[in-house]
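Working through the structure, step by step
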Amino acid sequence: MSAWFLYAFIGVFVVLSSTAIFFFALTRGTLIVRGAMGRSQDPAAHVYPLYSNMRLIKLIDFQPVIAAILLFQYDRLVSAITSGLHHTDLRGKKVLITSCAFGNVIPRVVTAAVKSGAKRVLIADIIKNELVHANSKMPEFAGKLEFLQENATAMKQPDESVDANVMFLLLHELPHELKGKALSEAMRVLTPGGKLYLAEFHRPDLWVLRALSWTYFKVFEPLGLALWDSHDPVKQLEALGGVTCERRTVFFGNFQVVTATKNPRP
């Protein structure tokens, strides 16, 4: 083995190891520390520092990085949601985005909603810095947007007050007992006939990808594995009653986009 190959191997190993340690410290590692300190009862205790510290938000929220984390399927997931909004008549109606997300999903969803006629887009998140950061991405939509510091599991919005709701990669980060509450709230605020667009991880079809995904979740985000079975979002939504779901999976089943329609009253 030549010296340059050995040095290259060591360099790659160091970079990958450092990256893994960095993300572990800011994801599962943080949850472990908060639990040990007795801070797990805080409503935002499940939120990683990646999503609350403004310096970390600006460091991580870089489109190529976010695309790579999602195995370069980010654009497909967002496009599936915006396509649904483009084919919906939202003239004079309200759209809700439940929880902010990294990348360009929020500007793209807002653009699609406004082009479909939405008079107002509400963006809700439990973390103020996420709302401030999201606002900085869309100065051209001033007057059309409303930023709300709210908990996705206990929304302040009235019943049947929005006509579309977008939830992008939120559920896998919520404690299991809160996953169902977030979905229940997401449907509660929808008008009859309104749609929830939900993008999330899914149990991969290929065993190799399934093994890699299982390892990733076990190490970094253990709350996400429940989406594969016990807390499957489609099963949870259908259990609420009065909801019709359509599920589309992408990239060998590794991701899913669920469209849940609130059935009109008889």
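Summary of the structure given here. (Residues numbered from 1 in each chain as written. Predicted model: local features only at pLDDT ≥ 70, side-chain atom pairs only at ≥ 80, totals over all residues. Heavy atoms only, no water.)

1. Things to note about empty space enclosed by the protein
In total, this model carries one cavity of 30 Å³ or more according to the counting rule given. The computed volume of the largest cavity comes to approximately 40 Å³. Lining of the largest cavity is provided by Asp61, Cys100, Ala101, Phe102, Gly103, Ile106, Pro107, Glu130, His133, Ala134 and Lys137. Counting residues per element, the ones that place at least two in the lining of the largest cavity are helix H6 (105-115) and helix H7 (128-136). Top contributing element to the lining of the largest cavity by residue count: H7, with three residues. (1 Å grid on protein atoms, 1.4 Å probe; cavity = no way out; pocket = protein on both sides within 12 Å on 5 of 7 lines; lining within 4 Å. Points joined across faces, edges and corners; volume = space filled by probe spheres on them. Helix = DSSP H or I, 4+ residues; strand = E, 2+ residues; numbered from the N terminus.)

2. A few points about the nonpolar core
Among the nonpolar cores identified, the biggest contains 51 residues, and Ile81, Leu85, Ile106, Val110, Ile123 and Phe168 are the most heavily contacted of them. Setting aside residues no more than four positions away along its own chain, Leu85 makes contact with Leu90, Val109, Ala112, Ser116, Ala164, Val166 and Tyr197. Counting residues in hydrophobic clusters, the runner-up holds 27 residues, among them Leu148, Leu190, Leu198 and Cys245. (Core = buried A, V, L, I, M, F, W, Y, C linked by side-chain atoms within 4.5 Å. Buried < 20%, exposed > 50% of the residue type's maximum accessible area, 1.4 Å probe, protein only. Contact = heavy atoms within 4.5 Å.)

3. Digging into the packing of aromatic side chains
Enumeration over the complete set of coordinates arrives at nine aromatic pairs. Taking the centre distance of 5.4 Å and the plane angle of 35° together, the rings of Phe201 and Phe255 count as tilted. You can see Phe201 sitting in strand E5 (residues 190-201) and its partner Phe255 sitting in strand E7 (residues 255-262), a full 54 residues away along the chain. What makes Phe201 buried here is its relative accessible area of 9%. We classify Phe255 as buried; its relative accessible area is 0%. (Phe/Tyr/Trp six-rings, centres within 6.5 Å; stacked < 30°, edge-to-face > 60°.)

4. Remarks on the pairing of strand E3 (residues 145-149)
As judged from the five bridges shared by strand E2 (residues 120-125) and E3, these two strands associate in the parallel manner. Considered in E3, the bridge of Ala124 is made with Leu148. Once you follow E2 into H7 and on to E3, the crossover reads as right-handed. (Pairing = 2+ DSSP bridges. Right-handed = clockwise from strand over helix to strand, strands pointing away.)

5. Considerations on the packing of helix H5 (residues 74-86) against H6
Orientation of H5 relative to H6, taken along the N-to-C sense of each, is 15°, at an axis distance of 9 Å. Comparing the axis directions of H5 and H6 gives the class roughly parallel. When the axes of H5 and H6 are compared, the crossing they make is right-handed. Counting all contacts with H5, which are made through Tyr74, Asp75, Val78, Ser79, Ile81, Thr82, Leu85 and His86, the residues of H6 involved are Val105, Arg108, Val109, Ala112 and Lys115. Per-class residue counts for the contact of H5 with H6 are seven nonpolar, three polar and three charged. (Axes fitted to C-alpha atoms, helices over the stretch in contact; angles between N-to-C directions. Parallel < 35°, antiparallel > 145°, perpendicular 65-115°, else oblique. Left-handed = near helix turned anticlockwise from the far one by under 90°. Nonpolar A, V, L, I, M, F, W, Y, C, P; charged D, E, K, R; others polar.)

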